[in-house]
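If you want the building blocks of each chain, they are given just below.
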Amino acid sequence: MNEIQAFILGNLPVSSSGHLQIGHHLLGTEDSGSLAFDIMVHVATVCATLVILRKEVFWIFRGLFRWDGRMNAEQKYTLNILISMIPIGIVGLCFKDYVDAIFEGSLVVVGVCLLVTASLLAMTHFYKPQERESISPLHAFIIGIAQAVAVLPGLSRSGSTIATGLLLGNDKQKLAQFSFLMVIPPILGEALLDFKHIVAPSAEYLAEHGEQAAISTTSLIVGFVAAFISGCVACKWMIDIVKRCKLIYFAIYCAIVGMLAIGLAIF
């Protein structure tokens, strides 16, 4: 993978692993250190989210360890994030390798999942329940289930969680921020699980994927910087379109990319 390919891939939306699969397919970089690169751009996206939502992150940590006799707003918010992680934790630890083995590399699956994402987002345009003031623990868990299902390539983490939360009637701005913050621990956890395949790949992994090709440090840096900058832009843009109820445009985009992926697989 050269620097130009790394720059292009780094600018793809990585909340859906399907975008990276399509990009690797078009650029022919599936075996060019793609796992190490994918880990790097996901970490870059986490860093971008922390920068854009730094006020919310500081707010959480400011009150997280303060105790006034009962749980404060920051502790309740953190508890909701932990609750939302339960489904993805179960799937990630118990079924991730199984899901990867079945669906990884299938552009048809990527395309279908992108169409499902488009359908979910489109539903939020037509169905608008009465808004709730805050996200409840039950809703946090249901949104977490949506995140767990998004381990399928092509299902957008942010798209699935935001759409699910909106269909449950949660406040748009609070939901958008919660959606981006709740995916940070799972993304980092997934990166650590994938990193072990680079450091000490198992016999089963080698039999399935073979040895990972080397990738230059320059390409990794270019990909990281590109993903960080595009991640900052995407995070601010996504929060803005959620607040303005314009997710239908993202739905159209996902539908187009989904049909493109299916077309590439068939033709």
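Quick summary incoming for the structure in this document.

Cut-offs used in this document
Residues numbered from 1 in each chain as written. Predicted model: local features only at pLDDT ≥ 70, side-chain atom pairs only at ≥ 80, totals over all residues. Heavy atoms only, no water. Helix = DSSP H or I, 4+ residues; strand = E, 2+ residues; numbered from the N terminus. Expected span 1.5 Å × (residues − 1). Buried < 20%, exposed > 50% of the residue type's maximum accessible area, 1.4 Å probe, protein only. Contact = heavy atoms within 4.5 Å. Disulfide = S-S within 2.5 Å. Phe/Tyr/Trp six-rings, centres within 6.5 Å; stacked < 30°, edge-to-face > 60°. Patch = residues over 30% accessible without salt bridge, like charges linked within 9 Å, V, L, I, M, F, W, Y side chains within 5 Å. Areas by Shrake-Rupley, 256 points an atom, 1.4 Å probe, with all protein chains shown as cover. Salt bridge = Lys/Arg side-chain N within 4 Å of Asp/Glu carboxyl O. Axes fitted to C-alpha atoms, helices over the stretch in contact; angles between N-to-C directions. Parallel < 35°, antiparallel > 145°, perpendicular 65-115°, else oblique. Left-handed = near helix turned anticlockwise from the far one by under 90°. Nonpolar A, V, L, I, M, F, W, Y, C, P; charged D, E, K, R; others polar.

What follows deals with helix H13 (residues 217–243). Spanning 27 residues, H13 covers 39 Å between terminal C-alpha atoms, matching the ideal 39 Å at 1.5 Å per step. Trailing H13 by a residue or two, Cys245 shows a phi angle of about 55°, which is positive.

In this structure, Ser160 sits in helix H9 (residues 157–167). Residue classification places Ser160 among the buried residues on the basis of a relative accessible area of 3%. Excluding residues within four positions of it along the chain, Ser160 makes contact with Leu120, Ala146, Ala150 and Leu155.

Evaluation of the coordinates by the stated rule reveals zero disulfides. Cysteine Cys232 is unpaired, with the sulfur of Cys235 as its nearest cysteine sulfur at 7.7 Å. Among the residues examined, Cys232 registers a relative accessible area of 14% and is labelled buried.

Our next topic: the packing of aromatic side chains. Taken as a whole and assessed by the stated rule, the structure comprises four aromatic pairs. Taking 6.1 Å as the distance between ring centres and 85° as the angle between the ring planes, the aromatic pair formed by Trp237 and Phe250 counts as edge-to-face. On the criterion of sequence distance, the pair formed by Trp237 in helix H13 and Phe250 in helix H14 (residues 247–266) is long-range, its members being 13 residues apart. What makes Phe250 buried here is its relative accessible area of 8%. Between the aromatic rings of Phe250 and Tyr253, the centroid separation amounts to 6.0 Å while the plane-to-plane angle is 15°, which identifies the pairing as stacked. Placement of both Phe250 and Tyr253 in helix H14 is noted, with a separation of three residues, approximately one turn of the helix. Taking relative accessible area as the criterion, Tyr253 reaches 33% and is therefore assigned partly exposed.

Side chains of Ile86, Ile90, Phe95, Tyr98, Phe141, Ile145 and Val149 sit close together on the surface and give an oily, nonpolar patch of about 650 Å² of accessible area. Only helix H5 (73–94) and helix H8 (137–149) provide two or more residues apiece to the nonpolar patch. Tallying contributions element by element places H8 first for the nonpolar patch, with three residues. One can find Ile90 in helix H5.

Looking now at the environment of Val108. By the element assignment, Val108 lies in helix H7 (residues 107–126). Under the relative-accessibility criterion, Val108 is labelled partly exposed at 41%. Along the sequence, Val108 and Ile262 sit 154 residues apart, while their C-alpha atoms lie 4.9 Å from each other.

Okay, the pattern of salt bridges next. Scanning all chains against the criterion turns up two salt bridges. The shortest N-O distance in the salt bridge between Arg66 and Glu74 comes to 3.8 Å. With a relative accessible area of 7%, Glu74 lands in the buried category. A salt bridge links Asp240 to Arg244; its shortest N-O distance comes to 3.0 Å.

Looking now at the environment of Leu220. Within the secondary structure, Leu220 sits in helix H13. Here Leu220 falls in the buried class, since its relative accessible area comes to 17%. With 179 residues separating them along the chain, Leu220 and Val41 place their C-alpha atoms 8.4 Å apart. Excluding residues that lie within four positions of it along the chain, Leu220 makes contacts with Ala36, Phe37, Met40 and Ile215.

In contact at an axis separation of 7 Å, H7 and H14 are set at 165° when each is read in the N-to-C sense. Considering the angle they form, H7 stands roughly antiparallel to H14. Taken as a pair, H7 and H14 cross one another with a handedness that is left-handed. Here the contact of H7 with H14 is built from residues that sort into 21 nonpolar, five polar and no charged.

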